[in-house]
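# Results of the structural survey
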Amino acid sequence: MIVVTGATGNVGRPLVQALAAAGEQVTAVSRGVSGVAVPEGVQYRQVDLAAPESLRPVFDGADAVFLHDGGAGEHLLSPQGILDVAKAGGVRRVVLLSSQGVATRPQSSSHGQMGRSIEDVIRQSGMDWTILRPGGFASNAFAWAETIRTGRTAAAPFGDTGLPWIDPADIGEVAAAALREDGHAGQVYELTGPALSTPRQRAEAIGEAIGEPIRFIEQTRDEARAQMLQFMPEPVVETTLDIIGNPTPAEQRISPDVEQVLGRTPRTFAEWAIRNIAAFR
């Protein structure tokens, strides 16, 4: 059995679907999961990861677990406690969803330092571990959904700065491979899309998907910062703006790891937009 934490998130949802489609026995874990959020036949448990002891019945008889770092540690408060409970239940394989920023922004408290501490716990667990370090998610474009639906506009800073945004479904499929197959233990996979994509280009791709032009509005850094502070902690906002405004060469690098694991090229942002067209109409 495979336990998936964060099962209703942008990565957890396609991961659960991929595992279920492969015939795996899956338990989907989230604080807000319900039967309507998982495929037929998948078990689901509402559990708070901040209380590892509550996971004991979930891990009983499990072989592998997918852990989400909780956004650089905001919600996954005790990775050691979770792994201790997992090992007691028989789990021997763990796949961690970390962040590219652990390597590219090592001095950042929100990305590098906190993420590295969680990765270190995984490495020292004595389990077969795999660490996934994706860059920016294509699904971040959902932040535009309301303004595109109501006014056919999309606002963002740094309109012509490109990053290799990745489709979360690709992350889920790589995670599924690492959870199901041998040969991934001790590996750190950096996961990106197949090409650099700018905010202006992503708005155009959504417009092409829905068949109507989208007007792109370029924000100043201060305008974007004020908007992001409404739902993100200040250190995360500052690091995020640094990444999307002044990415390092490592953050703009196209990684071969998705193709190496899955045997195909990563999906493009345009493909993601077409698949999620209903959110923008």
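Everything numeric here is computed off the predicted structure, so don't read it as measured data.

## Quick word on the packing of aromatic side chains
- In the structure shown here, the tally under the stated rule is 4 aromatic pairs.
- A centroid spacing of 6.0 Å and a plane angle of 70 degrees characterise the contact between Trp272 and Phe280, whose relative ring orientation is edge-to-face.
- Pairwise contacts between aromatic rings join Phe142, Phe269, Trp272 and Phe280 into one cluster.

## Concerning the environment of Thr130
- Following the sequence through the fold, Thr130 ends up in strand S6 (residues 128-134).
- For the pair Thr130 and Ala185, spaced 55 residues apart in the sequence, the C-alpha separation amounts to 5.5 Å.

## Describing the sheet that holds strand S2 (residues 26-30)
- Overall, parallel pairing links the 7 strands, which are arranged S3-S2-S1-S4-S5-S6-S8 in an open sheet. The sheet terminates laterally at strand S3 (43-46) and strand S8 (187-191), the two strands that pair on one side only. Averaged over all pairs of adjacent strands, the angle between their axes in this sheet comes to 15 degrees, without regard to strand direction.
- In this fold helix H1 (residues 12-21) packs onto strand S1 (2-5), S2 and strand S4 (64-68), with an angle of close to 165 degrees to the strand it touches most, S1.
- Packed on one face of the sheet, helix H8 (residues 168-180) meets S1, S4, strand S5 (93-97), S6 and S8 and runs near 165 degrees to S5.

## As for the layout of surface pockets
- For the second largest pocket, the calculated volume is near 270 Å³.
- Around the second largest pocket, the lining comprises 16 residues; the ones closest to its centre are Asn10, Pro14, Gln17, Ala169 and Arg275.
- If you list the elements that add at least two residues to the lining of the second largest pocket, you get H1, H8 and helix H14 (269-275).
- In terms of residues, the lining of the second largest pocket owes the most to one element, H1, which gives 4 residues.

The rules behind these values
- Residues numbered from 1 in each chain as written.
- Predicted model: local features only at pLDDT ≥ 70, side-chain atom pairs only at ≥ 80, totals over all residues.
- Heavy atoms only, no water.
- Phe/Tyr/Trp six-rings, centres within 6.5 Å; stacked < 30°, edge-to-face > 60°.
- Helix = DSSP H or I, 4+ residues; strand = E, 2+ residues; numbered from the N terminus.
- Pairing = 2+ DSSP bridges.
- Axes fitted to C-alpha atoms, helices over the stretch in contact; angles between N-to-C directions.
- Contact = heavy atoms within 4.5 Å.
- 1 Å grid on protein atoms, 1.4 Å probe; cavity = no way out; pocket = protein on both sides within 12 Å on 5 of 7 lines; lining within 4 Å.
- Points joined across faces, edges and corners; volume = space filled by probe spheres on them.

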